[in-house]
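Here's the letter readout for the chains.
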Amino acid sequence: MTARKPLIAGNWKMFKTGPEAAETASRLKDLVSDVADVDIMVAPPFTAIAVVKELLRDSFVHVGGQDLFWEVEGAYTGQISAPMLKAAGCTHVIIGHSERRQFFEETNDSVNKKVRAALSEDLIPVVCVGESEAERESNLTSAVVQNQLEEGLAGLTSEEAQYLTVAYEPVWAIGTGKTATTEQAQEVHEFIRERLKTTYGNQVANVVRILYGGSVKPNNIGELMAMADIDGALVGGASLDADSFAAIVRF
Ligand code: PEP
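Since this is a predicted model, take the numbers as computed values, not measurements.

(A) Summary view of the sheet that holds strand β1 (residues 7–11). On the basis of which strands lie adjacent, the closed barrel formed by eight strands has the order β1-β2-β3-β4-β5-β6-β7-β8 and parallel pairing. Shown here is a sheet whose adjacent strand axes are inclined to one another by a mean of 25°, direction ignored. Sheet topology note: the β1/strand β2 (residues 39–43) ladder contains five bridges and is parallel. When the bridges of β2 are listed, Leu7 appears paired with Asp39. Sheet strands touched by helix α9 (residues 182–200): β5 (124–129), β6 (165–168) and β7 (209–213). Its angle to β7, the strand with the most contacts, is close to 150°. On the sheet, helix α12 (residues 242–249) packs against β1, β2 and β8 (232–235) and is oriented at approximately 160° with respect to β1.

(B) Broad picture of the site of the ligand. In the vicinity of the ligand lie 14 residues, with Lys13, Glu169, Gly175, Ser215 and Gly237 positioned nearest. In the model, an oxygen atom of the ligand is placed 2.6 Å from a nitrogen or oxygen of the Glu169 side chain. Take Gly175: an N or O atom from its main chain is 2.6 Å from an oxygen atom of the ligand. Considered on its own, the ligand offers 290 Å² of accessible surface; in the complex 97% of this is hidden by protein. Counting atoms within 2 Å of the grid points, the majority share of the ligand lands in the second largest pocket. Per-class residue counts for the shell around the ligand are four nonpolar, eight polar and two charged.

What counts, and at which threshold
- Each residue is numbered by its place in its chain's sequence as written, counting from 1.
- Where local features are concerned, this predicted model is filtered to residues with pLDDT of at least 70; where side-chain atom pairs are given and counted, the filter is 80 or more; whole-chain, interface and lining totals use all residues.
- As a rule here, side-chain values come from all non-hydrogen atoms in the structure, and water together with hydrogens is ignored.
- At least two DSSP bridges between two strands are required for those strands to pair.
- Helix numbering and strand numbering both begin at the N terminus, where a helix is a DSSP run of H or I of at least 4 residues and a strand a DSSP run of E of at least 2.
- Convention adopted: a line fitted to C-alpha atoms gives each axis, helices being fitted over their contacting stretch, and angles between N-to-C directions are expressed from 0 to 180 degrees.
- Only heavy atoms matter for contacts: two residues are in contact if any of them lie within 4.5 Å across the pair.
- When at least one non-hydrogen atom of a residue lies within 4 Å of a molecule or strand, that residue is treated as near it.
- A 3.5 Å cut-off defines polar contacts: any pair of N or O atoms within that distance qualifies, except that in protein one atom must be a possible hydrogen donor and the other a possible acceptor, and neighbouring residues in sequence count only when both atoms are side-chain atoms.
- Computed with the Shrake-Rupley method and a 1.4 Å probe, the accessible areas treat only the protein chains shown as cover for residues.
- Whether a set of points on the 1 Å grid over the protein atoms alone is a cavity depends on a 1.4 Å probe fitting there but being unable to get out, while an open set qualifies as a pocket with protein on both sides within 12 Å along at least five of seven lines; lining residues are those with an atom within 4 Å of a point.
- Molecule-in-pocket calls rest on the fraction of atoms, with more than half required to lie within 2 Å of the cavity or pocket grid points.
- Gly falls in the polar group here, along with every residue not listed as nonpolar (Ala, Val, Leu, Ile, Met, Phe, Trp, Tyr, Cys, Pro) or charged (Asp, Glu, Lys, Arg).

Structural data, given as structure tokens:
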């Protein structure tokens, strides 16, 4: 069991119109109204952030963005900046999700710029790392994750790093129904914590939450959360339904 307050975060990806998101958010608000020992965050599509935030205004559920652009403002058609997320009521932002790496040319370098942009607006960056199936099969998991951390977080001070959340999401487990075994997940989480310790010191490594992501469901969250270095989950598919997400929150 983690020594840190758990965070259960829902990534709604490109699902839900404003009215659909509003319906899910209001049901979720009712279902988790008595949960105080777990932090909860949902990341709706940009077009639904305002309505979701409004509905969750007096609840414990935080709202996050699924991505951001590193510039503050400018002629960048289609982009959303950190100050815009902040002003919309976001507290968190997911950065470097594997789908962005796969389909939208996200690199460790762009992750680094986005992390800095988020931190400069006091948004909590939820930085995603994880290996592909081929990389795991070639025993490259640690090397890949280490590289993603080193490049994605390059230049951050310990003072800045304490505000990070890291999400370990093995690419082969996202949306596939395959979950890493609790031992596989714990092994990588422990490795990530060691890397944080080496780079930023014990104090930072002890406060940074490391979430697991990859086909987390109500029936597997309990065993994952029993592991020492798993501090919560980043949930895709199962977060779209308020009842299943609430069941995960109540692991
Ligand atoms: C994700 O989108 O980060 C994710 C882990 O998705 P899923 O839970 O559907 O595997």
